[in-house]
Amino acid sequence: MPQTPNLEREMPALDQSSGSPPPSGPCIMVIFGGTGDLTARKLFPALYNLAKSKLLSPDFAVVGVGRNDYTHEQYRQIMSEKLQTFATGAMDPELSKWLISRVSYVGGEFHDPQLYTRVAQTLAVVDKTYNTQGNYFFYLATSPSFFGNIAEQLGAAGLVCEKDGQWRRVVFEKPFGNDLVSARALNRQVLKVLHENQVFRIDHYLGKETVQNILVFRFSNGIFEPIWNRRYIDHIQITVAETVGVEKRGGYFDMAGTLRDMVPNHLFQLVSLTTMEPPISFSSGSVHDEQSKILHAIQPFDAEDVLHYAVRGQYGPGVCKGERVPAYRAEEGVPPDSKTETFIALRLMIDNWRWAGVPFYLRTGKRLPRRYTEVAVQFKRAPLVLFRDTPVSNLDANQLVIHIAPDEGLSLRFGAKVPGAQMKVGPVEMNFNYSDYFGTSANTGYEVLLYDGIMGDQTLYQRADMVEAGWAVVDPVLDVWKALPARNFPNYASGSWGPEEANGLIARDGRSWRKIAE
Ligand code: BG6
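Residues numbered from 1 in each chain as written. Predicted model: local features only at pLDDT ≥ 70, side-chain atom pairs only at ≥ 80, totals over all residues. Heavy atoms only, no water.

**Q** Looking at this structure, how should I read the environment of Pro45?
**A** In this fold, Pro45 is placed in helix H1 (residues 37-52). Exposure remark for Pro45: the relative accessible area of 1% places this residue in the buried category. Between the C-alpha atoms of Pro45 and Lys248, which are 203 residues apart in sequence, the distance is 21 Å. Aside from chain neighbours lying at most four places away, what touches Pro45 is Thr39, Ala40, Leu83, Phe86, Ala87, Thr444 and Glu447. (Helix = DSSP H or I, 4+ residues; strand = E, 2+ residues; numbered from the N terminus. Buried < 20%, exposed > 50% of the residue type's maximum accessible area, 1.4 Å probe, protein only. Contact = heavy atoms within 4.5 Å.)

Structure, rendered in structure tokens:
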């Protein structure tokens, strides 16, 4: 029998401020991959932050599941130290002790059926001890290769069966599949043991305030929606720039590459929220229906399109944020002749009435000069330069930029008269910065996702058809790139904005990438 976990500690008294959401209901969060990086860096700090914001039930417990052979006490000790290291702000020692006191551990191999028997035994004990009412929130923070098998084994062990008002949910980290065929197969495997309403496919971009704000901005303000279409918008650019290389993830990353790692998930979330039709409500089904429609409306690439509208790059050595950094091929876990891309640029078209003819330019890469994420909406120019007999011969286009990271906010660029006797027009900006209005709150980005998952709200998670639609768009690009491995890698220096071909991709349409201050 598993050891009985520590029973003594009570949650520090809750001070319920009015207007805040209710604490989540009783449950046990069961983390497969409990000894991994994500658990230490994001999940535990997020749980602590939720407890601090009074959003965690007093009847809450955690069971870590991992391959190491730890006792409950050893695991608690490790997680307590990690929590100190990765906490996002000053910690209340009583609260962190409360959280850690509710943690248990089960060790074993994920493919071993006996592991699930031990998990079930531990859950039964923890459930009684902490009054978690048989509600289990499984979180698969493991390598994706285990997802299907863990789901099946949870099913076989009877752990995901919902009865007598108990709920059972399973969160799947990304990537969900590595192409359309594997994503479909994984969906089939998972949906044999779980109902879609028990499946939570995570994309941490949806945990970002500014990403959620795209919908609020579009659908709670009357003045933007009427111009949010092909009649007024010239094109949209999405940039997700990172300064980091592949760090310690060379092994995973070299199998995936930037296209798989970033596009069907994070970038397509930004595309779909920016372009979807207004949902009939903010229920998860209505929001997902509209996102799914947009993903299905992205014009499919044929092989010829891939050659014209998709660019790949791989970083060589260079200087990034003032530091000399090695080439991708010299990173730990990366083969010296790797053909894996660390940068992509794409041009997409969306085949519906709102967006017909409006190009979407997407770029993302590692070892770029600055960590920076934005969605830039470029409007069409004024139809005519009206300033006859003045030096004004050209007008800039209006631009609305949604800043997602590291600054969070919006800016609108428009033309204004430059003071003086002569008629001159210059670009000026109106800026809204989230932190100026709402202050900053340190968080990991996982808080809202965990809270929603425990509350059973799937809006910020991905439905099966959305994941598959994302893969369907990138699959032809993956196929062509596989058939024609890049011959010119590395083709951009670390600390630059990517390969020259990326400029060519947008320049062919007579446009250019927005200049981002470094
Ligand atoms: C992850 C990718 O999903 O997102 C990483 O696997 C990437 O390669 C990361 O670095 C970027 O996330 P963020 O929140 O830092 O933009």
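**Q** Just to check I follow, could you spell out helix H8 (residues 250-275) for this structure?
**A** One turn of the α-helix equals 3.6 residues, which is why residues spaced by three or four share an orientation. The principal kink in H8, of about 95°, is found at Gly257. Counting buried positions along H8 yields 22 of 26 residues, so the element is predominantly enclosed. (Bend = angle between axes of the 7 residues up to and from the residue.)

**Q** Would you mind showing me how to read the sheet that holds strand E10 (residues 323-325) here?
**A** Two modes of strand pairing occur in sheets, parallel and antiparallel, and in both the strands are linked by backbone hydrogen bonds. Strand order in the open sheet formed by three strands is E10-E9-E17, and the pairing between neighbours is mixed. Of all strands in the sheet, those with a lone pairing partner are E10 and strand E17 (492-494), marking the two edges. Each adjacent strand pair in this sheet contributes to an overall mean axis angle of 25°, direction not counted. The sheet contact formed by strand E9 (residues 315-320) and E10 spans three bridges and is antiparallel. Counterpart to Cys320 in the pairing with E10 is Glu323. (Pairing = 2+ DSSP bridges. Axes fitted to C-alpha atoms, helices over the stretch in contact; angles between N-to-C directions.)

**Q** Would you mind showing me how to read the pattern of salt bridges here?
**A** Note on pairing: side chains with opposite charge can pair once their charged atoms come close. Across all of its chains, the model carries 20 salt bridges by this definition. For the salt bridge of Glu374 with Arg514, the shortest nitrogen-to-oxygen distance reads 2.6 Å. Residue Glu374 is located in strand E13 (residues 372-379), and its partner Arg514 is located in the segment after helix H14 (500-507); the two are separated by 140 residues in the primary sequence. Assessed through its relative accessible area of 18%, Arg514 is described here as buried. As a salt-bridge pair, Asp465 and Arg463 come within 2.8 Å of each other at their nearest N and O atoms. A single salt-bridge network, built from bridges that share partners, covers Arg218, Glu225, Glu277 and Arg354. (Salt bridge = Lys/Arg side-chain N within 4 Å of Asp/Glu carboxyl O.)

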